[in-house]
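A closer look at the structure
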Amino acid sequence: MHSYLYRGNALFTFALTVLAFMCGIASLTDNFNSPSPTSEVQVLNINWFQKKPDGDDEISLTLNVSADLQSLFTWNTKQVFVFLAAEYETPKNSLNQVSLWDGIIPTKQHAAFRIHTANKYRFIDQGSNLRGKEFNLTLHWHVMPKTGKMFADKLVMTGFRLPDSYR
Ligand SMILES: *[C@@H]1O[C@H](CO)[C@@H](O)[C@H](O)[C@H]1NC(C)=O
Ligand SMILES: *[C@@H]1O[C@H](CO)[C@@H](O)[C@H](O)[C@H]1NC(C)=O
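Keep in mind it's a predicted model, so treat the numbers as computed, not measured.

**Regarding the site of ligand 1**
In the vicinity of ligand 1, the contacting residues are Glu40, Gln42, Leu44, Asn64, Ser66 and Arg114. Between ligand 1 and the protein, one listed contact pairs an oxygen atom with a side-chain N or O atom of Asn64 at 2.4 Å. Protein chains bury 55% of the 360 Å² of accessible surface belonging to ligand 1 in isolation. Taken together, the elements giving at least two residues each to the shell around ligand 1 come down to strand S1 (38-51) and strand S2 (57-68). If one sorts the elements of the shell around ligand 1 by residue count, S1 sits on top with three residues. In the shell around ligand 1, the residues fall into one nonpolar, three polar and two charged.

**Examining the pattern of salt bridges**
Enumeration over the complete set of coordinates arrives at four salt bridges. Residues Arg122 and Glu58 are paired through a salt bridge, measuring 2.8 Å at the closest nitrogen-oxygen approach. Residue Arg122 is found in the loop between strand S5 (112-118) and strand S6 (123-124), and its partner Glu58 is found in strand S2; the two are separated by 64 residues along the sequence. By relative accessible area, Arg122 is classed as exposed at 54%. Residue classification places Glu58 among the buried positions, given a relative accessible area of 4%. Arg161 is the partner of Asp164 in a salt bridge, and the nearest nitrogen-oxygen pair spans 3.1 Å. For Arg161, a relative accessible area of 48% corresponds to the partly exposed category.

Conventions we followed
Residues numbered from 1 in each chain as written. Chains lettered and ligands numbered in written order. Predicted model: local features only at pLDDT ≥ 70, side-chain atom pairs only at ≥ 80, totals over all residues. Heavy atoms only, no water. Near = heavy atom within 4 Å. Polar contact = N/O pair within 3.5 Å; in protein donor to acceptor, adjacent residues only side chain to side chain. Areas by Shrake-Rupley, 256 points an atom, 1.4 Å probe, with all protein chains shown as cover. Helix = DSSP H or I, 4+ residues; strand = E, 2+ residues; numbered from the N terminus. Nonpolar A, V, L, I, M, F, W, Y, C, P; charged D, E, K, R; others polar. Salt bridge = Lys/Arg side-chain N within 4 Å of Asp/Glu carboxyl O. Buried < 20%, exposed > 50% of the residue type's maximum accessible area, 1.4 Å probe, protein only.

Written as structure tokens, this is what we have:
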């Protein structure tokens, strides 16, 4: 009985050691993968653009987002969280970041996609800074691995500009 328990324990310890080793290798090999995601975003339409009664600007856009994030997926990838943000400067803040759309990509097969959508979250400025505003659209991703550390990165698409007047 005693030696049976002891053997079980030794086996368990060995299994744990192997598991820890595999996890180490998993996150290590993951670091050698240098992903090269691509994305392209177009603003297809300004649906409306107004100053709200409280004085803050709000705009509604229709976006054409295409992205290929397949290279983020390795066998150690659990899922990828992705969001598209409008980023711009105002006199008060050097970076204003407004999330316009997000999604969770469960598998590599879903990682090359195209969506045609109005902004999912409201594009509101903390003030009335949006007329004629130059902005970037930035695709951010957070890769959640099965084991090891989460990592995040982004792609910046520059050169967008909002209309000069409300409509
Ligand atoms: C959306 O973008 C893709 C490529 O990124 C392009 O092929 C397609 O024509 C665009 N759709 C519209 C409606 O502009
Ligand atoms: C857009 O991104 C570029 C490159 O990261 C940066 O130099 C520029 O200041 C950004 N523009 C705005 C309006 O935030």
